[in-house]
Amino acid sequence: MPSRLSPLTRVLGVTASAALAVGGLLVYTGVQDQDEPPPLSNSTPASFTSAWPWALPWPSTGQAAVEVAGRADSLSVYGEQRPVPIASVTKVMTALVILRDHPLGRNEPGPSIQVDRQAAIESGNRDESTVPLAAGQVFTERQLLELMLIPSGNNAARLLARWDAGSEQAFARKMNAAAAKLGMTNTTYTGASGYEPATVSTAVDQLKLARQAMKNPVLRDIVATARTTVPGIPGEIVNTNTLLELPRVVGIKTGTSTAAGGALLWAVRPLSGDRDRLILGVVLRQGDPDDTLEEKKEAAFVASRKLIVAALRYLNPEIMPIS
């Protein structure tokens with residue numbers, strides 16, 4: 001049953017139909033060719049920090065975390081923080097490593113990259129999210145980052161990894177080194193796309209990544225893009241993150257797979273004060289074991305919307321006083 005929107009959401013002018021829309025997403029549609037994943041079990045709430053004066057509306061399954069970026073006392077965590085598959089949320093680290101190795105100015109397209117045969121062949125994979133690439137096509141670095149982050153193209157992620165490091169395996173080593181530098185001690189990357197269930201992390205670790213990722217203006221611009229076009233790709237490209245339909249939401253990345261359930265890493269601007277300050281949050285392993293992928297994905301959106309509204313109420317009591 002859809003959750004009822006809070007009074008704050010109505011103050012922001014969000015209609016129920018807009019807030020609950022989830023159509024048109026590209027997600028994994030097949031079971032991973034791996035061992036059966038562990039069940040999506042219920043979690044036990046972790047202790048809350050003193051920054052939040054009341055219990056946040058945590059999801060009933062999986063794990064989650066919320067913080068106000070830049071405020072060390074604001075981190076609140078729910079659920080056992082054990083490594084779990086994160087699906088396409090992985091692509092945030094992929095983008096961060098690419099932009100570290102090949103920095104872009106905010107309006108720069110970057111170098112040209114030719115689509116190889118492997119990326120073209122992967123365009124036909126029906127059990128994962130891909131973008132239609134043809135061998136020999138040329139895209140800029142910025143365009144491939146958009147194709148990876150907005151419609152969640154796995155083949156675009158792997159193409160960028162090969163371009164950067166020569167192989168996806170070599171690129172994964174770079175990802176793990178970057179994770180270690182950020183203190184992501186419970187994270188292991190085994191590929192650039194997140195398709196492999198062996199890529200695992202925790203909610204707390206993903207917030208560490210979100211803090212760093214949202215400091216990059218190019219990455220920040222791309223994940224806030226609801227829809228765009230890329231020459232050579234037919235039609236309009238629609239972001240898998242329908243939370244962007246809500247006011248103040250500026251990212252970050254969705255992820256859905258059989259192994260991961262529903263995952264969502266998000267960022268929201270407060271209603272007042274410093275516009276560069278962000279509320280960051282993540283939910284992992286959302287949905288019940290028997291849910292479809294669409295239901296698991298929707299569970300991640302529902303859980304995230306509730307947390308966003310609650311966090312905005314706390315930071316902006318002048319708009320919606322805390323009762």
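Scroll up a little and you will see the structure.
Attention in this report is confined to the structure presented alongside it. It should be emphasised that the depicted structure is a prediction, and the values quoted were computed from it without experimental measurement.

**Side note on the overall build of the protein**
Part 1 of the argument: Of the regular secondary structure elements, the protein holds 10 helices and 11 strands.
Part 2 of the argument: Counting every position in the protein, which comprises 323 residues, the buried fraction comes to 56%.
Part 3 of the argument: In the protein, of all internal contacts separated by at least 6 residues, the share reaching a separation of at least 24 is 66%.
Part 4 of the argument: Summed over its atoms, the accessible surface of the protein is roughly 13100 Å², and 52% of this surface lies on carbon and sulfur atoms.

**Let's talk about the sheet that holds strand E1 (residues 63-68)**
Part 1 of the argument: Spatial strand order, E2-E1-E11-E10-E9: five strands in an open sheet with antiparallel pairing. Looking at which strands have only one partner, the edges of the open sheet turn out to be strand E2 (76-78) and strand E9 (249-257). Between one strand axis and the next, the sheet turns through 5 degrees on average, direction left out of account.
Part 2 of the argument: The sheet contacts of helix H10 (residues 293-315) involve E1, E9, strand E10 (261-268) and strand E11 (279-286), and relative to E10 the element is tilted by about 30 degrees.

**Here's the deal with the pattern of salt bridges**
Part 1 of the argument: Under the counting rule described, the total for this entry stands at 15 salt bridges.
Part 2 of the argument: Across the pair Lys297 and Glu294 runs a salt bridge, and its minimum N-O distance is 2.8 Å. With a gap of three residues between them, Lys297 and Glu294 both fall in helix H10, about one helical turn apart.
Part 3 of the argument: On the accessibility criterion, Lys297 (4% relative accessible area) is buried.
Part 4 of the argument: For Glu294, a relative accessible area of 39% puts it in the partly exposed group.
Part 5 of the argument: The network of salt bridges with shared partners includes Arg100, Asp101, Asp164 and Lys174.

**Side note on the pairing of E9**
The side chains of a regular strand alternate, residue by residue, between the two faces of the sheet.
Part 1 of the argument: Counting buried residues along E9, nine of its nine residues qualify, which places the element largely inside the surrounding structure.
Part 2 of the argument: Alignment of E9 against E10, held across eight bridges, turns out to be antiparallel. Bridging across to E10, Gly255 finds its partner in Ala263.
Part 3 of the argument: Once E9 ends, the chain turns through three residues before running back antiparallel as E10.

**Some thoughts on the nonpolar core**
Part 1 of the argument: Ranked by internal contacts, the top residues of the largest apolar core, which has 60 residues, are Met93, Leu133, Leu145, Leu147 and Ile252.
Part 2 of the argument: Counting residues per element, this core draws most heavily on helix H3 (residues 91-101), which supplies seven residues.
Part 3 of the argument: The next biggest cluster of nonpolar side chains, apart from the first, holds 26 residues, and it includes Trp58, Val68, Leu243 and Ala310.

**Some thoughts on the packing of aromatic side chains**
Part 1 of the argument: Under the counting rule described, the total for this entry stands at one aromatic pair.
Part 2 of the argument: For the ring pair Trp58 and Tyr78, a centre distance of 5.7 Å and an interplane angle of 20 degrees mean the geometry is stacked. Of the two residues, Trp58 is situated in the loop between helix H2 (16-19) and E1 and Tyr78 in strand E2; the sequence distance between them amounts to 20 residues. As far as burial versus exposure is concerned, Trp58 and Tyr78 are alike and both buried.

**Thoughts on the environment of Ala64**
Part 1 of the argument: One can find Ala64 in strand E1.
Part 2 of the argument: C-alpha separation for the pair Ala64 and Val77, spaced 13 residues apart in sequence, amounts to 6.0 Å.
Part 3 of the argument: With near-sequence residues (within four places) excluded, Ala64 lies in contact with Trp58, Pro59, Ser76, Val77, Tyr78, Gln81, Ala203, Val282 and Val283.

**So, the pairing of E1**
Part 1 of the argument: Most of E1 sits out of view: six of its six residues are buried.
Part 2 of the argument: Burial of E1 is two-sided: the residues Gln63, Ala65 and Glu67 facing one way and the residues Ala64, Val66 and Val68 facing the other way are all buried.
Part 3 of the argument: Here six bridges tie E1 to E11, and the two strands are oriented antiparallel to one another. Paired with Ala65 across the strands is Val282, a residue of E11.
Part 4 of the argument: Examined bridge by bridge, E1 and E2 share three bridges and lie antiparallel to one another.

**Examining the packing of H3 against helix H7 (residues 168-181)**
Part 1 of the argument: Across the interface, H3 lies against H7 with an axial gap of 10 Å and an inter-helix angle of 95 degrees. By the angle class used here, H3 and H7 are roughly perpendicular. Listed contacts from H7 to Met93, Thr94, Val97, Ile98, Arg100 and Asp101 of H3 are Phe171, Lys174, Met175, Ala178 and Ala179.
Part 2 of the argument: In terms of residue class, the contact of H3 with H7 is built from seven nonpolar, one polar and three charged.

Conventions we followed
- Residues numbered from 1 in each chain as written.
- Predicted model: local features only at pLDDT ≥ 70, side-chain atom pairs only at ≥ 80, totals over all residues.
- Heavy atoms only, no water.
- Helix = DSSP H or I, 4+ residues; strand = E, 2+ residues; numbered from the N terminus.
- Buried < 20%, exposed > 50% of the residue type's maximum accessible area, 1.4 Å probe, protein only.
- Contact = heavy atoms within 4.5 Å.
- Areas by Shrake-Rupley, 256 points an atom, 1.4 Å probe, with all protein chains shown as cover.
- Pairing = 2+ DSSP bridges.
- Axes fitted to C-alpha atoms, helices over the stretch in contact; angles between N-to-C directions.
- Salt bridge = Lys/Arg side-chain N within 4 Å of Asp/Glu carboxyl O.
- Core = buried A, V, L, I, M, F, W, Y, C linked by side-chain atoms within 4.5 Å.
- Phe/Tyr/Trp six-rings, centres within 6.5 Å; stacked < 30°, edge-to-face > 60°.
- Parallel < 35°, antiparallel > 145°, perpendicular 65-115°, else oblique.
- Nonpolar A, V, L, I, M, F, W, Y, C, P; charged D, E, K, R; others polar.

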